[in-house]
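Okay, here's what each chain looks like letter by letter:
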Amino acid sequence: MAGTFSSYGTRPSTDAAARPPSRHAALRERLDCRFPAVDEVFDACVDEAARALGPQALEAFIDQARWFGKLGRGAEPLLQFLEAWPGVSRLAGEACLAPLMQAAQAFQKSPNGPAIAPLLQSLPAVARRLRSPELMAQYLALAVELMQRTSLSIHGRHATEPSPSLPTFLQQAPALVGLVPLEGLRRWVMEGIRLHGAHPQRQLDFFGLVTADARALLQRERHGTLLVDVERRLELTLRGLWGEDLPLVPYPVGAADDAAGAVTQPYLQSDGLRLPEVLDDRAGVTAMQCYRAMLAHLAGHRHWSRPQVADNLSPLQRLAVECFEDARIDHLVLRRYPGMARTLHALHPAPDEDACDPVRESCLRHRLACLSRALLDARHAYSDSTLIEFVRRFHEHLQGCASSTAAMARLALEWAARTRRQSDQQALVRFADTRVEWRDDNRHLWTFIEVGDEEDTAPDPTPRRAPDDGGLPPRHYPEWDEATHAHRPDWVSVYDTLQPAGAAADIDALLARHAAEARHLERLLDLLKPQERTRLRYQEEGTELDLDVALRALIDWRAGAQPDARIHIDTRSDGRDIAVLLLLDLSQSVNDPVGGTGAGAAAGATGETVLSLSRAAVALLAGAIAALGDQLAIAGFHSNTRHELRYLHIKGFAEPWGDESKARLAGAQGMFSTRMGAALRHAGHLLSGRQADKRLLLVLTDGEPADVDVSDPQHLIGDAAQAVRELDRLGLYTHCISLDPRADAYVGRIFGGRWTVIDRVAQLPRRLPEVFLALTR
């Protein structure tokens, strides 16, 4: 049902005056904007940002939000950024802010400024798939490149018309990054520009995946296993087998430049374990097994390796130390988990001993690969005497102990001195069959006393902060778009709030006023109250003898007839197991007085409103459910655009129906609008966690779904209908009780045949409990 204000972001003056001041007044002043819609969500967004960001990053967050508020494009980009960025930074790191701002500035300086809001809207869903600053930066750069290459120019120099395909691409981006690795997505985008860059409508069809060639080209880019799809299982492996609780951060895999494929080397960083975003099955080893081998090797380094000073070591010596230390870590891993031997042996290259020609190329990496294979596999076929000697000495170091990184360094330096050749200095280096797939680049193994040119001195990204569970950040839900037959991801922000309390005596007064309905309800409850035990007659086995049946059986036996053997009585429990969530529409229109004729007019004459009658009906129903022993929760909701849907908890499932619940019910007030679909999804999420034979979501509303930022009323009706279908798939039974006499036009589309219209609102206190009892009889 529509609210009482007519334009986006406006409020009734009484509500604005009653609103408490911001808890973050200094940051709100620094934001320097006057959009009323921002006031509603600013504190909650800053609270969530404070849990995810450090102090400096929080100030940068406010500064960039101020920039979005000054674009001259209304409140939408600012609201999108305030809601999206804390979650994006938690998922992909604070380092994503710079490339995001570069992309937004590029959009703003072109005719594509309106695409900033879709870019920000799609960002959380994209970040959930990419999860690293590098991947996010590449994605944003790809969006900018698409914008630049597809924007239209009438005069051939400067872009004068926006890109026709950019909004479509941004809408499809969350699904696209989940289907293909980022490098494959880039090739697909470039192919679409090459084929249809001069045809706006064909661009729309291509990037909207409407055409068969778009789907076929995208399918061609799909390969391997994406890290994000197996991340949860890998995290459990890391935690269960190694006791490590570190984030797994994907990094982009470049295009392959040789027959061996793209480089997929893991590495350690302060913000987590870096793994390639996609892996293919190879050498009879699945991508999942390869990921697990990488995790085991990285975890082994964290357990057993210690940094060494690298200043006085040559590149050859450092490569040798890394080879011996990697082999030691793999041996210790196999000592703990010997079942991984088949995977490691299959993935490790086995180069031929004479494959490298020292006259033509440097054979250093080839010799190290042969040594590494011999250290790992006792059944190697190499015959070099020096190699065999150092393999023996390596195993002697590990005999009965874990040895140490320093011991491996001494052994490696001796090997390097014994095996170095003049040809190792040649520019042409043999790389074939020298890369070990699961081993990292050992950047963690070295420490530098003096800063030089060889090491990476750039600071690590800011470590991710664990979320603070002291508050409840907004929960984001999708919204169904009837026009595209697809969900808009993370479209609605739902804020969980405990309903402020009123006076419990007000509810007691309402119950006294409706004493006649209460007496009628008691009579109905006497018929429905579950009995502790129910007697079952005609049982072959039971707890007592049924004398009437036993006597008839005795007569039949004496008369020569076959007696009935079912001469016992048994008992069974006859309890109810029902969980009910009553969801109240608390939009502005529930404050309207009750009109009509007869009883409705009498109720209106006494000052009754839809809300007061709803309170009375809910109180009667809550008392009835408490008497039946069913599980009950009560909540209300109202919305003020998709950025702010308030879900107000009145009574929890574990909370008894008493003065506290009555006080919160008395404090419920009607305001704003009704965005029903997201409220249904959130209520269904809470109800789905209850264990019961029947789970009932009862919705009490007095009008159709509507909100001030939606001009098409059919959009929110379609979204609510889709939400009901989603709840059906979860095994939740949804029933609507509508107080709108015109509900026949839309309520059937939303709830199917599960709805009841109460035309005479004054009868609500009597009818609501009756409807519930009929549904749970």
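Residues numbered from 1 in each chain as written. Predicted model: local features only at pLDDT ≥ 70, side-chain atom pairs only at ≥ 80, totals over all residues. Heavy atoms only, no water.

Draft legend 1. Examining the overall build of the protein more closely. Secondary structure assignment for the protein yields 29 helices and 18 strands. Counting all 777 residues of the protein, 51% fall into the buried class. Counted over contacts in the protein with a minimum sequence separation of 6, partners at least 24 positions apart contribute 73%. For the protein, the accessible surface area stands at approximately 35,200 Å², while carbon and sulfur atoms represent 51% of it. (Helix = DSSP H or I, 4+ residues; strand = E, 2+ residues; numbered from the N terminus. Buried < 20%, exposed > 50% of the residue type's maximum accessible area, 1.4 Å probe, protein only. Contact = heavy atoms within 4.5 Å. Areas by Shrake-Rupley, 256 points an atom, 1.4 Å probe, with all protein chains shown as cover.)

Draft legend 2. Focus on the state of the cysteines. All told, the structure shown has one disulfide when counted by the stated rule. Each disulfide pairs two cysteine sulfurs, and for Cys356 the partner residue is Cys363, the sulfurs being separated by 2.0 Å. Looking along the S-S bond of the Cys356-Cys363 disulfide, the torsion reads about -90°, which is the left-handed sense. Each of the two residues, Cys356 as well as Cys363, counts as buried. (Disulfide = S-S within 2.5 Å.)

Draft legend 3. Highlighting helix H8 (residues 133-150). Spanning 18 residues, H8 covers 26 Å between terminal C-alpha atoms, matching the ideal 26 Å at 1.5 Å per step. Within the sequence span of H8, burial applies to Pro133, Leu135, Met136, Tyr139, Leu140, Leu142, Ala143, Val144, Glu145, Leu146, Met147 and Thr150. (Expected span 1.5 Å × (residues − 1).)

Draft legend 4. Representation of unusual backbone geometry within the structure. Residues other than glycine seldom take positive phi values, yet Leu209 does so here, at roughly 60°. On the secondary structure map, Leu209 appears in the loop between helix H11 (200-207) and helix H12 (212-221). Unusually for a residue other than glycine, Tyr538 sits at a positive phi of about 60°. Checked against the element boundaries, Tyr538 lands in strand S10 (residues 534-539).

Draft legend 5. Layout of the environment of Ala486. Along the chain, Ala486 turns up in strand S9 (residues 486-498). When the C-alpha positions of Ala486 and Gln172 are compared, they lie 10.0 Å apart, and in sequence the two are 314 residues distant. Sequence-distant contacts of Ala486, that is, excluding residues within four places in its chain, are made with Glu479, Trp480 and Asp481.

Draft legend 6. Main features of the sheet that holds strand S2 (residues 248-251). Read across the sheet, three strands follow the order S2-S4-S3 without closing on themselves; strand pairing throughout is mixed. In this open sheet, the two edge strands, each paired with only one partner strand, are S2 and strand S3 (267-269). On average, each strand axis in the sheet is inclined to that of its neighbour by 35°, with strand direction left out of account. Most of the contacts of helix H14 (residues 287-304) go to strand S4 (residues 272-276), to which it runs at about 150°, and overall it touches S2, S3 and S4. (Pairing = 2+ DSSP bridges. Axes fitted to C-alpha atoms, helices over the stretch in contact; angles between N-to-C directions.)

Draft legend 7. Region of interest: the environment of Asp205. By secondary structure assignment, the location of Asp205 is in helix H11. Given the relative accessible area of 24%, Asp205 is considered partly exposed. Separated by 37 residues in sequence, Asp205 and Thr168 place their C-alpha atoms 9.0 Å apart. Dropping the residues within four chain positions of it, Asp205 is found in contact with Val210 and Thr211.

Draft legend 8. Fine view of the pairing of strand S15 (residues 645-651). The buried fraction of S15 amounts to six of the seven residues, a majority that puts the element mostly inside the structure. Where S9 meets S15, five bridges bridge the pair, whose relative direction is parallel. Note on S15: the bridge partner recorded for Val494 is Leu645. Bridging between strand S14 (residues 631-639) and S15 involves six bridges; their strand directions are antiparallel. If you follow Gly636 over to S15, its bridge partner there is Leu648. The antiparallel hairpin formed by S14 and S15 contains five residues in its connecting segment, where Thr641 sits at a positive phi of about 75°.

Draft legend 9. Examining the pairing of S9 more closely. By the bridge criterion, six bridges tie strand S8 (residues 475-481) to S9 in an arrangement that is antiparallel. Bridging from a neighbouring strand, Trp480 pairs with His487 of S9. Linking S8 to S9, which pair antiparallel, is a turn of four residues; within it His485 sits at a positive phi near 55°.

Draft legend 10. Just the sheet that holds strand S17 (residues 733-738), in detail. In spatial order, the strands read S8-S9-S15-S14-S13-S16-S17-S18; together these eight strands make up an open sheet with mixed pairing. Edge positions in the open sheet fall to S8 and strand S18 (755-757), since each of these has one partner strand only. The average undirected angle you get between the axes of adjacent strands in this sheet is 25°. For S17 and S18, the ladder comprises three bridges, and the chain directions are parallel. Pairing of Ile737 across the sheet is with Thr756, part of S18. Where helix H24 (residues 610-628) meets the sheet, it contacts strand S13 (578-585), S14 and strand S16 (694-701), and its direction lies at approximately 160° from that of S14. Contacts from helix H26 (residues 676-687) reach S8, S9, S13, S14, S15 and S16, with the element oriented near 125° to S8.

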